[in-house]
Amino acid sequence: MDASAADDRSSRRSAIHDAVVVGAGFAGIYALYRLRKAGLAAIGFEAGEGVGGTWYWNRYPGAACDFESIEYSYSFDEALQQEWKWTTRMARQPEILAYLNHVTDRYDLRRDIQFGTRVVAAHFDDATRLWTVSSDRGHRVTARHVVMATGCLSTPKPIEYPGADRFKGQILRTAFWPKEEVDFRGKRVGVVGTGSSAIQAIPIIAEAAAHLTVFQRTPNFSIPAGNGPLSDDEAARQKAGYADLRAREWDSDVGICAKLAPETRRALDCTAEEREAEYEKRWAAGGLYFYCSFVDLLVDKSANQTLTEFAQRKIRAKIKEPALAELLVPKDYPFGAKRICADSGYYETYNRDNVTLVDVKSTPIREITPDGLKVGDTVHALDMIIFATGFDAMTGTLLNIDIRGRGGKRFSEHWQDGPRSLYGIMPSGFPNLYITTGPGSPSVLYNMVLGNEYHVNWIMDCIAHLARTGHQTIEAKPDPESAWRETVNAIGKMTLFGEASSWYMGDNVPGKPRVILPYLGGFRSYKQACDAEAASGYPNFEIA
Ligand code: FAD
Ligand code: NAP
């Protein structure tokens, strides 16, 4: 019997663990590492057959991170930082997945994880003050703490059109991409969606397919990623400056500092020439650097308009046919209010003869027919349809688990009109249940690797505090939780995010409450609040 089979058997037998970690992406792997290091007995459950989370599931062509890998990587161990060699500036999915496998094996964490196992329920017992976590494979594990490292973008939206079962060709989804190579040659391929995933995949598919039809509902702003190989010299230079880089990231709002420092001026305090120079610099730097440009861009409409017009000009200049350009240029929301994308030749792809853009906002998709996609009364004949339609972001994955807290309180009821938890980490009524990079935290608007590290560190401090003070449980108090939610909403309302229809606001999922999901006050103020809470002995939490 191998070790994992032994673990599997023992975990089915209700041993009491110090902690259960759900998910084995960046967050779950680091949580298991820290728990082990603290001498605690932890077990991980992961629905996928391997580690990696986002980078395990999203294997579509072109998948890559959209800022420098030197930053989109763990910071917790200087030896790990120095030994790992990135070959590409913004690593592609296979390289990130290899990195996460390396980390898992380097710290011997694989033996603690049950793969191919989905957690379906977590129930708190008031008498024993323990959680019982159940899986779809029959596990029932008892634990003092539960870390929901389940990811913000880990529940893809279902296909929202009827007829998939009748389609004669192949249907694929970017977020469940097969491990085997997909052959597009000679095929008429359709891509539904023009978000980050589609924008990365489209140029590559267009090169291989006989014909590509893109079904666009809302155009996005995309910045050239400027990706490419990372030379040994550049890598050595980056590694020599790691300590300084990490210090700057931890002290910034967005956590991305490798190529450009955050701007501190307001756009409207600058001349038109100064603004143009700033925008050109960030456009050339590639990727997400506009998130740390002028400080008023996402709060002042006039300031934002200067950038929106700049980006619109840049996009128009790339597309030969003016009518096509007008379809691809976003016009009805502020730049940055929907997630900025990063691309490698996205707009240029529409200049190819074998690519067609179909506007499905003016004429919506009606159904999938045996031969293709029906838009209005027209059937677009296809051999393959790829849905890149996004996720039930930030709340969907947690709400899919039957979580019950103190007194049988249902998590789904606690979050029925939108997420509520203190600092985005702990919901009231659910003792010792922690969420990493959840709604109400900077989450998807901060470097997510560091955001996850920060949350795991905070959780570990909290667990250590309980042990040190001889307590068993910690739980957010309801009033501070409500106050935090009001803060998150109030800050959200001060920004332009509400002016776009986006997954940040829950708009992409029919019936989802419309509230701002991430905390938009920036990582620095968030960290100050969380650090102060811990330093003063968790006054906004009930410790029992
Ligand atoms: P995930 O990586 O999502 O891992 C969560 C894991 O939990 C998954 O493996 C899932 O299977 C598992 N899980 C969920 N529910 C259960 C359950 N009930 N039982 C068992 N297992 C469960 N962020 C950036 O900062 N920069 C980027 O460039 C970037 N690129 C991205 C590209 C794509 C295609 C996507 C989808 C997201 C990207 N993100 C990016 C966001 C990305 O999700 C995070 O950066 C990071 O990988 C999240 O790690 P995580 O561990 O929090 O969650
Ligand atoms: P997304 O940004 O939500 O994009 C989904 C796309 O599908 C949108 O264009 C959306 O249009 C469209 N769509 C959704 N439902 C549709 C429907 N029923 N009919 C027609 N069109 C529909 O999803 P994503 O591209 O997977 O990206 C999600 C997030 O993951 C990103 O925002 C980013 O945070 C992260 N990500 C990052 C990278 C990276 O570059 N590193 C790559 C991929 C993903 P509407 O806009 O009209 O809803």
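Okay, so let's go over this structure. (Residues numbered from 1 in each chain as written. Chains lettered and ligands numbered in written order. Predicted model: local features only at pLDDT ≥ 70, side-chain atom pairs only at ≥ 80, totals over all residues. Heavy atoms only, no water.)

1. Digging into the sheet that holds strand S9 (residues 211-216)
Part 1 of the reasoning: Reading across the sheet, the five strands line up as S7-S16-S8-S9-S12 and stay open at both edges, with parallel pairing between neighbours. Looking at strand neighbours, the two that pair on one side only are strand S7 (170-173) and strand S12 (355-359), the edges of this open sheet. Across the sheet, the mean angle from the axis of one strand to that of its neighbour is 20 degrees, orientation sign disregarded.
Part 2 of the reasoning: Note: S7 against strand S16 (residues 384-387), four bridges, orientation parallel. When the bridges of S16 are listed, Ile-171 appears paired with Ile-385. (Pairing = 2+ DSSP bridges. Helix = DSSP H or I, 4+ residues; strand = E, 2+ residues; numbered from the N terminus. Axes fitted to C-alpha atoms, helices over the stretch in contact; angles between N-to-C directions.)

2. Regarding the site of ligand 2
Part 1 of the reasoning: In the vicinity of ligand 2 lie 24 residues, with Glu-160, Tyr-161, Ser-197, Thr-218 and Lys-338 positioned nearest.
Part 2 of the reasoning: Thr-218 is positioned such that a nitrogen or oxygen atom in its side chain is 2.5 Å from an oxygen atom of ligand 2.
Part 3 of the reasoning: When ligand 2 is considered free in solution it has 910 Å² of accessible area, and contact with the protein chains removes 90% of it.
Part 4 of the reasoning: For the shell around ligand 2, the element with the highest residue contribution is helix H6 (residues 196-208), accounting for three residues.
Part 5 of the reasoning: Here the residues of the shell around ligand 2 sort into nine nonpolar, nine polar and six charged.
Part 6 of the reasoning: Domain assignment of the residues forming the shell around ligand 2 places at least three in each of domain 1 (3-155 + 393-543) and domain 2 (196-387). (Near = heavy atom within 4 Å. Polar contact = N/O pair within 3.5 Å; in protein donor to acceptor, adjacent residues only side chain to side chain. Areas by Shrake-Rupley, 256 points an atom, 1.4 Å probe, with all protein chains shown as cover. Nonpolar A, V, L, I, M, F, W, Y, C, P; charged D, E, K, R; others polar. Domains from an automatic or database assignment.)

3. Description of the pairing of strand S5 (residues 130-135)
Part 1 of the reasoning: Taking burial as the measure, the six residues of S5 include six buried ones, the bulk of the element.
Part 2 of the reasoning: Covered by surrounding structure in S5 are Leu-130, Thr-132 and Ser-134 together with Trp-131, Val-133 and Ser-135, the residues of both alternating faces.
Part 3 of the reasoning: As paired strands, strand S4 (residues 119-125) and S5 are joined by six bridges and run antiparallel to one another. Opposite Val-119, over in S5, you have Ser-135 as the bridge partner.
Part 4 of the reasoning: Here S4 folds back onto S5, and the loop between the two strands holds four residues, one of which, Arg-129, carries a positive phi near 60 degrees.
Part 5 of the reasoning: Between the end of S5 and the start of strand S6 (residues 140-148), which pair antiparallel, lie four residues, with Gly-138 showing a positive phi angle near 90 degrees. (Buried < 20%, exposed > 50% of the residue type's maximum accessible area, 1.4 Å probe, protein only.)

4. A word on the site of ligand 1
Part 1 of the reasoning: Around ligand 1, a shell composed of 33 residues is seen, among which Glu-46, Thr-54, Asp-66, Tyr-72 and Val-119 lie nearest.
Part 2 of the reasoning: Between ligand 1 and Tyr-72, the relevant distance is 2.5 Å, taken from an oxygen atom to a side-chain nitrogen or oxygen of the residue.
Part 3 of the reasoning: Here Met-448 contributes a backbone N or O atom positioned 3.3 Å from an oxygen atom of ligand 1.
Part 4 of the reasoning: Every element with two or more residues in the shell around ligand 1 is listed here: helix H2 (26-37), helix H3 (54-57) and helix H15 (448-469).
Part 5 of the reasoning: With three residues, the top contributor of residues to the shell around ligand 1 is H3.

5. So, the packing of aromatic side chains
Part 1 of the reasoning: Enumeration according to the criterion identifies 47 aromatic pairs in this entry.
Part 2 of the reasoning: The interplanar angle of 75 degrees and the centroid separation of 5.6 Å between the aromatic rings of Phe-221 and Tyr-333 together place this pair among those described as edge-to-face. Of this pair, Phe-221 sits in the loop between S9 and strand S10 (222-224) while Tyr-333 is found in the loop between helix H11 (322-328) and strand S11 (341-343), placing the two residues 112 residues apart along the sequence.
Part 3 of the reasoning: The class for Phe-221 is buried, based on a relative accessible area of 3%.
Part 4 of the reasoning: The exposure class of Tyr-333 is buried, given its relative accessible area of 6%.
Part 5 of the reasoning: Ring plane angle 35 degrees and centroid distance 6.3 Å describe the contact between Tyr-423 and Phe-541, whose orientation is recorded as tilted. Of this pair, Tyr-423 sits in the loop between helix H14 (411-414) and strand S18 (433-435) while Phe-541 is found in strand S20 (residues 541-543), placing the two residues 118 residues apart along the sequence.
Part 6 of the reasoning: A residue is classified by how much of its surface remains accessible, and Tyr-423, at 6% relative accessible area, is buried.
Part 7 of the reasoning: For Phe-541, a relative accessible area of 4% corresponds to the buried category.
Part 8 of the reasoning: The lysine or arginine in question, Arg-59, covers the ring of Tyr-56, its NZ or CZ lying 4.8 Å from the ring centre.
Part 9 of the reasoning: Lying over the aromatic face of Tyr-333, Lys-338 brings its terminal NZ or CZ to 5.8 Å of the ring centre. (Phe/Tyr/Trp six-rings, centres within 6.5 Å; stacked < 30°, edge-to-face > 60°. Lys NZ or Arg CZ within 6 Å of the ring centre and 35° of its normal.)

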